[in-house]
Every structure is written in structure tokens, then in C-alpha cells.
Amino acid sequence: MTGSVGAWARKIAELFEAHRLRVERAIARRTGDPQTAGDLAQDAFLRLARLPDGEAIQNPAGLLYVVADRVALDHCRAAKRQRLREVGPPDEESPSPGPGADMVVERNQTMARLRGAIDSLPPKTRDVFLLYHVEGLTYRAIGERLGISPRTVEYHLRTALEQCRARMKRRPPR
């Protein structure tokens, strides 16, 4: 049993070394709070390390990002609760500080159109786009992961942006 705990601790250390910066960037994007992203990333690694059956996890890196997302979400919820406690309950006469229903619907429709535009990209172009814009990888890192040159990464990104921009300019279906 002690050997398996040691192996899991080594695996966590390897994950920390390989993914810490990306996890911090993902948390900072999710929370909008880059100052606490390092602390929240450490919390995500600690939560993963405390799992009782760590060695049985098939994809520890994937689970790490899920745990990090949950940590970020917990942080956002706690921050929102704190703001509500400080401000107090909303006054019924004062207008809502958030966007109106029509703005929310419009934003959701725009996001759905953008998702559709990204989904319609050729597979390699879509992969490059997501690795760059979602995971925050550099051209070189994307090229190494996909076995292409940084120049080809640049080409795919340019193509993705042109195709997404063209699709977004089309009139939305009614």
C-alpha cells in the first residue's frame, strides 16, 4: 500500500511540473482573478492528491482539469455569495444590475453561432484553434503536440479566424 501512495505522489508531482502553468491560466480565465489562480491551482492539485484510489484513475491529467474547473467554480460562487452579503438583498424598486433578458438571449444566440462556426472548421484547424484559444498553448507547443510546424499552426489559426469571421457575418437563421 505504501508503494502505491508513493507512486501516486510521484504522479501528482509529474502532473504539477507538466500542467501547473496551464491549470493556473485556465483558472485565471474562469475566475477573472489571476492573483489567486496560483493558490486555486494548488488546491486543485491537493484535491487530486487526496483521492483515495489515485492509481486507478485512467486519465489523471484530464481529471486534474475537471478538478481545477470545479475549484474555480467554487471560488466564483463563494465570491458571489460574499458580494451579496456585503451588498445585501436587491431592492425591488431598483433596476437589476445585470443584463436584461433580451441581452442574455442575444448573447446566447451569438455564442451558439460561434460554437457552430468553430464546429464547422476542418478537424486539424479546429484542433489548432482550440489548443491556442482554449488551452492557451504557444504555436511551438501546438506544433509539437500535432506534429506540424509553428508556421503551419499560424496558417491554421488565420484560416480558422477567417472562416469563423465569415460565418459570424452571415445573417443568423430565424
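Residues numbered from 1 in each chain as written. Predicted model: local features only at pLDDT ≥ 70, side-chain atom pairs only at ≥ 80, totals over all residues. Heavy atoms only, no water.

K.L.:
Whenever I open this one, the overall build of the protein confuses me. Can you help?
P.N.:
A count of helices and strands for the protein gives seven helices and zero strands. The order of α-helices and β-strands along the protein, N terminus first, is α-α-α-α-α-α-α. Taking all 174 residues of the protein together, 24% fall into the buried category. Summed over its atoms, the accessible surface of the protein is roughly 12300 Å², and 55% of this surface lies on carbon and sulfur atoms. (Helix = DSSP H or I, 4+ residues; strand = E, 2+ residues; numbered from the N terminus. Buried < 20%, exposed > 50% of the residue type's maximum accessible area, 1.4 Å probe, protein only. Areas by Shrake-Rupley, 256 points an atom, 1.4 Å probe, with all protein chains shown as cover.)

K.L.:
Help me understand the packing of helix α2 (residues 34-49) against helix α3 (residues 60-87), please; the structure alone is not making it clear to me.
P.N.:
Packed helices, taken two at a time, are described by the angle between their axes plus the distance between the axes. Running from amino to carboxyl end, α2 crosses α3 at an angle of 130 degrees, the nearest separation of the two axes being 9 Å. Taken together, α2 and α3 sit at an angle that is classed as oblique. As α2 runs across α3, the sense of the crossing is right-handed. For the pair α2 and α3, contact is made by T36, L40, D43, A44, F45, R47 and L48 and by P60, L63, L64, V67, A68, V71, D74 and H75, respectively. For the contact of α2 with α3, the per-class residue count stands at 10 nonpolar, two polar and three charged. (Axes fitted to C-alpha atoms, helices over the stretch in contact; angles between N-to-C directions. Parallel < 35°, antiparallel > 145°, perpendicular 65-115°, else oblique. Left-handed = near helix turned anticlockwise from the far one by under 90°. Contact = heavy atoms within 4.5 Å. Nonpolar A, V, L, I, M, F, W, Y, C, P; charged D, E, K, R; others polar.)

K.L.:
Quick question: what am I supposed to make of the environment of L48 here?
P.N.:
Secondary-structure assignment places L48 in helix α2. In this structure L48 comes out as buried when scored by relative accessible area, which is 0%. Sequence separation between L48 and I12 is 36 residues, and the spatial gap between their C-alpha atoms is 7.8 Å.

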